[in-house]
Protein chains: 2
Amino acid sequence: MRLAIIGAGAVGTSVAELAAEYGHTVTLFADSQSAVANPEGIDVDTAIEAIESGDQLGEMHTEDAVEEPYDVLVEATPNSRGDPTTVFNRLRTALEQGRHAVVSYKRVLAEQYKDIRALETENEGNILFGATVGGAVPVLSTIDGFGTNHITAVRGVLNGATNFILSRMMSEELDYEHILAEAEDLGVLETDRTFSVRGTDTALQCNIIASFLAKEDEPSFKGVQVEGIQNISSSAIELAREDGLTVRLIGEVANNEVRIGPRLISENAALAITGKRNIVQIDTEDSGQLNLSGTEVGGYGTATAIFSDIAHLY
Amino acid sequence: MRLAIIGAGAVGTSVAELAAEYGHTVTLFADSQSAVANPEGIDVDTAIEAIESGDQLGEMHTEDAVEEPYDVLVEATPNSRGDPTTVFNRLRTALEQGRHAVVSYKRVLAEQYKDIRALETENEGNILFGATVGGAVPVLSTIDGFGTNHITAVRGVLNGATNFILSRMMSEELDYEHILAEAEDLGVLETDRTFSVRGTDTALQCNIIASFLAKEDEPSFKGVQVEGIQNISSSAIELAREDGLTVRLIGEVANNEVRIGPRLISENAALAITGKRNIVQIDTEDSGQLNLSGTEVGGYGTATAIFSDIAHLY
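Quick notes on the rules
- Residues numbered from 1 in each chain as written.
- Chains lettered and ligands numbered in written order.
- Predicted model: local features only at pLDDT ≥ 70, side-chain atom pairs only at ≥ 80, totals over all residues.
- Heavy atoms only, no water.
- Helix = DSSP H or I, 4+ residues; strand = E, 2+ residues; numbered from the N terminus.
- Rg over C-alpha atoms; globule rule 2.2 N^0.38 Å.
- Buried < 20%, exposed > 50% of the residue type's maximum accessible area, 1.4 Å probe, protein only.
- Contact = heavy atoms within 4.5 Å.
- Areas by Shrake-Rupley, 256 points an atom, 1.4 Å probe, with all protein chains shown as cover.
- Lys, Arg positive; Asp, Glu negative; His and termini not counted.
- Charge placed at Lys NZ, Arg CZ, Asp CG, Glu CD.
- Salt bridge = Lys/Arg side-chain N within 4 Å of Asp/Glu carboxyl O.
- Polar contact = N/O pair within 3.5 Å; in protein donor to acceptor, adjacent residues only side chain to side chain.
- Nonpolar A, V, L, I, M, F, W, Y, C, P; charged D, E, K, R; others polar.
- Pairing = 2+ DSSP bridges.
- Phe/Tyr/Trp six-rings, centres within 6.5 Å; stacked < 30°, edge-to-face > 60°.
- Axes fitted to C-alpha atoms, helices over the stretch in contact; angles between N-to-C directions.
- Parallel < 35°, antiparallel > 145°, perpendicular 65-115°, else oblique.
- Left-handed = near helix turned anticlockwise from the far one by under 90°.
- Least-squares fit on C-alpha atoms with pLDDT ≥ 70 in both.

Visitor: Hey, could you run me through the overall build of chain A in this one?
Guide: When helices and strands are counted, chain A shows 12 helices and 12 strands. Over its C-alpha trace chain A gives a radius of gyration of 20 Å, about what one expects of a compact globule, namely 20 Å for 314 residues. If you line up chain A on its principal axes, its C-alpha atoms span 60 × 45 × 30 Å. Among the 314 residues that make up chain A, the fraction classed as buried is 57%. Across chain A, the fraction of contacts at a sequence separation of at least 24, relative to all contacts at a separation of at least 6, is 68%. When the accessible area of chain A is evaluated, it comes to approximately 12900 Å², of which 44% is carbon and sulfur surface. Of the charged side chains in chain A, 21 are positive and 49 negative; the average position of the first set lies 6 Å away from that of the second.

Visitor: I tried to follow the interface of chain A and chain B on my own but got confused; where do I start?
Guide: Many descriptions give the size of an interface as the accessible area lost when the pieces come together. Taken together, the contact between chain A and chain B spans 27 residues of the former and 27 residues of the latter. For the interface between chain A and chain B, the tally reads zero salt bridges. Taken together, chain A and chain B are joined by nine residue pairs in polar contact (both at pLDDT 80 or more). The set of elements that each furnish at least two residues to the side of chain A that touches chain B consists of helix 6 (139–146), strand 12 (289–295) and helix 12 (300–313) of chain A. Among the elements that line the side of chain A that touches chain B, the one with the most residues is strand 12 of chain A, at seven residues. A class-by-class count of the residues in the side of chain A that touches chain B yields 10 nonpolar, 14 polar and three charged. In this structure, strand 12 of chain A lies alongside strand 12 (residues 289–295) of chain B, joined through three bridges in antiparallel fashion. The partner of Leu292(A) across the bridge, within strand 12 of chain B, is Leu292(B).

Visitor: I'm lost on the packing of aromatic side chains in this one. Help?
Guide: Each aromatic ring pair is described using two quantities: the centre-to-centre distance and the angle formed by the ring planes. Enumeration over the complete set of coordinates arrives at six aromatic pairs over all chains. An angle of 10° between the planes, with centres 4.4 Å apart, marks the rings of Tyr22(A) and Phe307(A) as stacked. Pair noted here: Tyr22(A) is in the loop between helix 1 (10–18) and strand 2 (25–30) and Phe307(A) is in helix 12, with a separation of 285 residues, a long-range link. Judged by its relative accessible area of 4%, Phe307(A) falls in the buried class. Geometrically, the ring pair formed by Tyr113(B) and Phe129(B) is edge-to-face, given 5.7 Å between the ring centres and 85° between the ring planes. Residue Tyr113(B) is located in helix 5 (residues 106–122), and its partner Phe129(B) is located in the loop between strand 6 (127–128) and helix 6 (139–146); the two are separated by 16 residues in the primary sequence.

Visitor: Is there a simple way to explain the packing of helix 1 of chain A against helix 12 of chain A in this structure?
Guide: Axes are the key here: two packed helices are described by the angle between their axes and the distance separating the axes. All names here are of chain A. Remark: helix 1 packs on helix 12, axes separated minimally by 8 Å, with the N-to-C direction vectors making an angle of 60°. One finds that helix 1 runs oblique with respect to helix 12. Two packed elements cross with a definite hand, and for helix 1 against helix 12 that hand is right-handed. Across the interface between the two elements, Val11, Ser14, Val15, Glu17 and Leu18 from helix 1 touch Tyr300, Thr302, Ala303, Ile306 and Phe307 from helix 12.

Visitor: What's the story with unusual backbone geometry in this structure? I'm lost.
Guide: Its identity is not glycine, yet Asn256(A) carries a phi of approximately 65°, on the positive side. Tracing the chain through its elements places Asn256(A) in the loop between strand 9 (245–254) and strand 10 (257–266).

Visitor: Where do I start with the relation of the copies chain A and chain B in this structure?
Guide: Mapping between the two chain copies consists of a rotation about an axis together with a translation along that axis. When chain A is fitted to chain B, the best match, at an RMSD of 0.0 Å, comes from turning it 180° and sliding it 0.0 Å along the axis. The operation mapping one copy onto its partner corresponds to a two-fold rotation axis. If distances are taken from each C-alpha of chain A to the rotation axis, the shortest is found for Leu292(A), at 2.3 Å. Both copies share a contact surface, since 100% of the interface residues of chain A are interface residues in chain B too.

In structure tokens form, the structure reads like this:
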């Protein structure tokens, strides 16, 4: 397929890097400032060099670029930046032009889920968004396999950076500010660190899961409670440890409600995953509980989720 | 869809029980002896009562029954019984009649994988077999999502009964024969216990994974080494425990080879899952390692995998 990639963060860059290996040609690559396009395929290496050295990608305006030839719009605008209205308009243009779209940008799905699904109904193309939840872990496609009406709850550790911080706080007995600085030095956090640690990223993913699970005639889910990890003290961590417990930032979707917050769990529980990993538990009506977990490997994990969605378009 | 269910073991019975809940009608239900059919839908409760009390299902011969009206053949012949040639012929008949088939019977896929795929090429219908690997855990569809050529290895604990025995041997310090008798009393083992404990079930699943991963122009995988758990002594278990290790029956597919045998692993490793559960690790080229695990809940887990395949047919 000919891909138009929007977004030059970790995910967009990874999609560009891996595209050829997955059988695709990048005909357009854009960030918020500018775009480069070539119907025969752009020079990906040169584009990535430009991004890394802070140069502009090309001479074209991003908003004009989507008129260029491509088959699938890859909407990989970085999650902690980006504007959902701009992204939504771009998706609408793509579908109205008879193209498909694959999305990793979470906010537009979390906030405009029904509008996005309506775009699909009104046009021939599809919008797939498996890459908005769980990175490389196939959460939405697994739920879809069981049938959304046979799922009773979904919960998990959905943000690897936050989990890195919490599991370091447990193992190193260092306080939050210290580990946060370390995580920033290691490049574990998104550019906007509050996006991870205040629970925003987890909340967006849970909202998408809740919308995906909701029956068509239902109003949206009842409400969202979000608490991040920024107020967890090292003394609270110490107390937990003395009882054989640990703290994880858990997002949960159950009974039409979404809750995100730090939770005390047993050190041996499946959810007590360590490091920059994620895990999702899916409670099913008829076949018990499934656990799916993966490792965050830069933008590559989400990029492979995008390729999986593209494969399902055809 | 109208389902023709062949096989009245745990899986076939579960499919019959749950069919209505998943939006399907059972128009035919057969075991190896006889069949009952009704184009409007059979009385499932009566059929299950007949099975439980050892009565015959109906007046029809099983081999004549597949001429009756249905959309999808559900080939759920019990794995530790059944004859792959009979099953293969039934699948061929179904496809030649323009129907689809969904299979949980493992041996026919493990031994005649290319012939099965050829049936699909020669006919309009499809044969889906996600239910042959991992029960409710979506192993093959997850591999398919990443693309088979982006997977470097697959390994795991694939037989819940064997895992129940091994984890009981570890925790209870009882010997193999004792725990085996307990597992039989609890109904954890298949009718033919050697099917689980000698590694046959794990080997069949690994063969199917290996065939699924193989490139079209490759000959079949190089060979299979199979060792079961029947020779593990309680002293070996004791020695492992002293070193913080445990024993699990691991099936692995890597570098075109299949190996099944007891392996020493750390008590804290993801593969050291306890009880009647299964876990599969998928090593990917670009997005690290995925872990998928589930609980075996009688035939229900495999039944939901069958419903997932049916949903993907249309």
